[in-house]
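Listed here are the chains, written in short residue letters.
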2 protein chains.
Amino acid sequence: MSGKATEVSLIGLTGLPEVRAGDDLGTLIVEAVSSLGLAFRPGDVLVVTQKVVSKAEGRVVSLRDVAASPLAQSWAALLAKDPRLIELILREARRIVRMDRRVLLAETQHGFICANAGVDRSNLPDQEIAALLPLDPDASAKAIRERILAFCQTEVAVLISDTFGRPWREGLTNVAIGVSGLLPLRDYSNTGDDFGRLLTATIIAVADELAAAAELVMGKTKRIPAVLIRGYEYATGEGRASMLLRPPEQDLFR
Amino acid sequence: MSGKATEVSLIGLTGLPEVRAGDDLGTLIVEAVSSLGLAFRPGDVLVVTQKVVSKAEGRVVSLRDVAASPLAQSWAALLAKDPRLIELILREARRIVRMDRRVLLAETQHGFICANAGVDRSNLPDQEIAALLPLDPDASAKAIRERILAFCQTEVAVLISDTFGRPWREGLTNVAIGVSGLLPLRDYSNTGDDFGRLLTATIIAVADELAAAAELVMGKTKRIPAVLIRGYEYATGEGRASMLLRPPEQDLFR
């Protein structure tokens with residue numbers, strides 16, 4: 001292509017082994033990048049899917065080991081669900097936001113609002129296994145980032161992504177649940193016109209857009225658990241996923 | 001890079017002239033692609049920002065020509081806004097969803113729920129000018145797609161994007177408000193396990209993810225009003241933006 005065009009590349013990282021609890025995910029990713037004949041470059045963004053992070057961190061539970069409380073049992077009957085999964089969801093939830101139509105919409109301990117408090121059974125080898133969200137996805141991102149820095153002497157940003165629903169619009173999109181090395185919001189305001197600023201879209205959730213872009217390459221299989229985004233210019237800094245949480249009192253959309 | 005990796009490219013189309021009412025946007029885009037030394041390939045996705053579509057279609061209004069109704073005047077006083085802009089928003093809105101904190105959240109004639117019914121003053125040469133959403137963004141996308149087919153004999157998909165807010169999460173992201181040539185939702189379900197399917201994220205709004213990815217290249221300037229996405233495999237078909245609207249009775253998130 002022409003050198004005049006602005007280009008961003010989304011490169012899927014295949015070749016990671018099946019990840020197990022205790023694996024050093026950062027090292028596995030560094031090896032996968034190398035075995036693809038690639039090398040990290042300063043300014044790259046690495047997006048890693050939550051599922052593989054949860055596996056590496058042992059945030060995977062066998063339902064056989066879960067005893068459902070009476071509350072979980074009664075809700076499970078209402079929702080036509082497995083009581084042990086309801087039990088896990090209740091444990092992961094800080095608050096139930098809605099409970100209807102066979103779905104539990106919950107706020108997680110991190111403050112994310114998502115279906116089933118992030119508990120999920122997809123892409124797991126055994127249907128009796130459920131994955132929970134990482135305890136601290138920012139720390140998960142930071143650990144991978146530091147591994148890349150140590151092995152490759154290269155500063156990159158790392159996002160942990162998950163697939164969330166949203167109101168009003170059909171379908172789910174990938175969002176960032178863990179952030180390290182970039183600022184997840186970008187303020188495009190360049191005018192003192194207060195009216196203009198309020199009317200127009202000025203603060204962009206770039207971390208969520210990066211996660212969404214990565215999903216296009218990941219698809220919904222476990223074959224591509226991480227995507228390298230190259231050519232996107234971002235603001236470095238101590239970003240956190242909590243910056244993407246809108247305080248209820250400022251949330252007109254709720 | 002290695003041929004083994006899966007790669008998607010986001011290529012910003014610079015070089016479009018300032019677009020005016022009556023311009024043939026499809027032709028301008030074909031010329032911009034050519035002047036960058038590029039050529040459309042079958043399976044490309046072209047994402048075009050709403051603002052440039054609205055300009056080409058004359059969906060731009062001078063506030064000097066807008067007479068605010070008494071209702072618009074009284075709301076404008078409450079919201080500390082220009083009454084003529086409130087008048088435009090009320091004309092564009094099918095329904096006011098929320099009205100608070102100096103923002104009007106409205107449902108447009110198309111069924112989109114967004115701030116100010118999509119009326120916006122950013123990236124316009126004159127602060128007395130406001131842009132409205134295209135009347136039929138699917139038709140706008142189709143017209144561009146047909147121009148590309150006619151000039152280049154190449155089948156691509158075209159999305160019209162805009163930047164919307166969302167509940168619970170800070171910042172805005174690009175979504176698709178017009179669709180032609182692809183199916184905007186992708187169903188990853190591959191299991192008969194009803195519980196698993198309900199628990200997990202299986203229907204992905206790929207059109208919104210493509211629009212979000214394009215925003216990473218567009219930024220919030222008018223310098224890059226369109227982005228070519230190359231290497232993404234999608235399901236072709238008669239997609240419409242209305243497929244991305246969740247019926248209220250199925251919307252647990254509202």
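Reading the values: rules and limits
Residues numbered from 1 in each chain as written. Chains lettered and ligands numbered in written order. Predicted model: local features only at pLDDT ≥ 70, side-chain atom pairs only at ≥ 80, totals over all residues. Helix = DSSP H or I, 4+ residues; strand = E, 2+ residues; numbered from the N terminus. Buried ≥ 20, exposed ≤ 12 C-beta atoms within 10 Å, placed from the backbone. Contact = placed C-beta atoms within 7 Å. Pairing = 2+ DSSP bridges. Axes fitted to C-alpha atoms, helices over the stretch in contact; angles between N-to-C directions. pLDDT = per-residue confidence, 0-100. Parallel < 35°, antiparallel > 145°, perpendicular 65-115°, else oblique. Left-handed = near helix turned anticlockwise from the far one by under 90°. Nonpolar A, V, L, I, M, F, W, Y, C, P; charged D, E, K, R; others polar.

**With respect to the overall build of chain A**
No. 1: Helix and strand content of chain A: 7 helices and 12 strands.
No. 2: Counting every position in chain A, which comprises 254 residues, the buried fraction comes to 52%.
No. 3: In chain A, the share of contacts with a sequence separation of at least 24, taken over all contacts with a separation of at least 6, comes to 61%.

**Focus: the pairing of strand 12 (residues 226–230) of chain B**
Residue and element names in this part refer to chain B.
No. 1: Within strand 12, 4 of the 5 residues are buried, which leaves it mostly tucked inside the rest of the structure.
No. 2: Here 4 bridges tie strand 2 (residues 45–49) to strand 12, and the two strands are oriented antiparallel to one another. Directly across from Val45, in strand 12, lies its bridge partner Ile229.

**Section: the environment of Ser74 of chain A**
No. 1: In this structure, Ser74 of chain A sits in helix 3 (residues 70–79).
No. 2: Counting along the chain gives 12 residues from Ser74 of chain A to Ile86 of chain A, while the straight-line C-alpha distance between them is 9.6 Å.

**A few points about the sheet that holds strand 6 (residues 113–115) of chain A**
As a general point, the strands of a sheet are linked pairwise by backbone hydrogen bonds and lie either parallel or antiparallel.
All names here are of chain A.
No. 1: Spatially, the 3 strands line up as an open sheet ordered 4-5-6, and their pairing is antiparallel. Single-partner strands in this sheet number two, and they are strand 4 (93–100) and strand 6. Averaged over all pairs of adjacent strands, the angle between their axes in this sheet comes to 30°, without regard to strand direction.
No. 2: Where strand 4 lies against strand 5 (residues 103–108), 6 bridges are found, and the strand directions are antiparallel. Looking at strand 5, one finds that Ile96 is bridged to Ala106.

**Quick notes on unusual backbone geometry**
Excluding glycine, residues mostly have negative phi values, and the peptide bonds linking residues are mostly trans.
All names here are of chain B.
No. 1: Here Ala117, not a glycine, exhibits a phi torsion of approximately 50°, which is positive.
No. 2: With respect to the helices and strands, Ala117 occurs in the loop between strand 6 (113–115) and strand 7 (129–131).
No. 3: With a phi angle near 50°, Gln153 is a residue other than glycine that sits in the positive phi range.
No. 4: Topologically, Gln153 is positioned in the loop between helix 5 (137–152) and strand 8 (157–164).

**Regarding the confidence of the model for chain A**
No. 1: Of all residues in chain A, 89% have pLDDT values of 70 or greater, and the mean over the chain is 90.
No. 2: Segment residues 191–201 of chain A is flagged for pLDDT under 50; beyond a separation of four residues in sequence, or across chains, it makes 20 contacts in the model.

**Looking at the sheet that holds strand 4 (residues 93–100) of chain B**
Residues and elements named next belong to chain B.
No. 1: Spatially, 3 strands are ordered 4-5-6 in an open sheet, and the strand pairing comes out antiparallel. Each having just a single partner strand, strand 4 and strand 6 make up the two edges of the open sheet. Along the sheet, successive strands turn relative to each other by an average axial angle of 30°, direction set aside.
No. 2: With 3 bridges joining them, strand 5 (residues 103–108) and strand 6 adopt antiparallel strand pairing. Across the sheet, Leu105 pairs through a bridge with Ala115, a residue of strand 6.

**A word on the environment of Arg95 of chain B**
Residue and element names in this part refer to chain B.
No. 1: You can see Arg95 is positioned in strand 4.
No. 2: What makes Arg95 exposed here is the crowd of 12 C-beta atoms within 10 Å.
No. 3: Sequence separation between Arg95 and Glu107 is 12 residues, and the spatial gap between their C-alpha atoms is 5.1 Å.
No. 4: Ignoring anything within four residues of it in the chain, the contact list for Arg95 reads Ala106 and Glu107.

**Thoughts on the packing of helix 1 (residues 25–35) of chain B against helix 5 of chain B**
Residues and elements named next belong to chain B.
No. 1: Interhelical geometry of helix 1 versus helix 5 gives an angle of 50° and a closest axis separation of 8 Å. As far as their axial angle goes, helix 5 and helix 1 are oblique. As for the relative orientation of helix 1 and helix 5, their crossing is right-handed in sense. Two secondary-structure elements touch here, helix 1 through Leu25, Gly26, Thr27, Ile29 and Val30 and helix 5 through Ala143, Ile144, Arg147, Ile148, Phe151 and Cys152.
No. 2: Residues of the contact of helix 1 with helix 5, tallied by class, amount to 8 nonpolar, 2 polar and 1 charged.

**Examining the environment of Ala32 of chain A**
Residues and elements named next belong to chain A.
No. 1: As for its position among the elements, Ala32 is in helix 1 (residues 25–35).
No. 2: Once the C-alpha coordinates of Ala32 and Met99 are considered, the two residues, 67 residues apart in sequence, prove to be 41 Å apart.
No. 3: Residues in contact with Ala32, not counting those within four places in the same chain, are Leu13, Gly15 and Leu16.

**A short note on helix 4 (residues 83–92) of chain A**
No. 1: Burial within helix 4 of chain A is extensive, with 8 of its 10 residues counted as buried.
No. 2: On its buried side, helix 4 of chain A packs onto strand 3 (60–62), helix 3, strand 4, strand 5 and strand 7 (129–131) of chain A.

**Some thoughts on the packing of helix 7 (residues 206–218) of chain A against helix 7 (residues 206–218) of chain B**
No. 1: The contact between helix 7 of chain A and helix 7 of chain B brings their axes to 8 Å, and the two run at 120°. On the basis of their axis angle, the class for helix 7 of chain A and helix 7 of chain B is oblique. Judged by the twist between their axes, the crossing of helix 7 of chain A over helix 7 of chain B is left-handed. Between helix 7 of chain A and helix 7 of chain B, the contacting residues are Val206, Glu209, Leu210, Ala212, Ala213, Glu215 and Leu216 of chain A on the first element and Val206, Glu209, Leu210, Ala212, Ala213, Glu215 and Leu216 of chain B on the second.
No. 2: For the contact of helix 7 of chain A with helix 7 of chain B, the residue count by class is 10 nonpolar, no polar and 4 charged.

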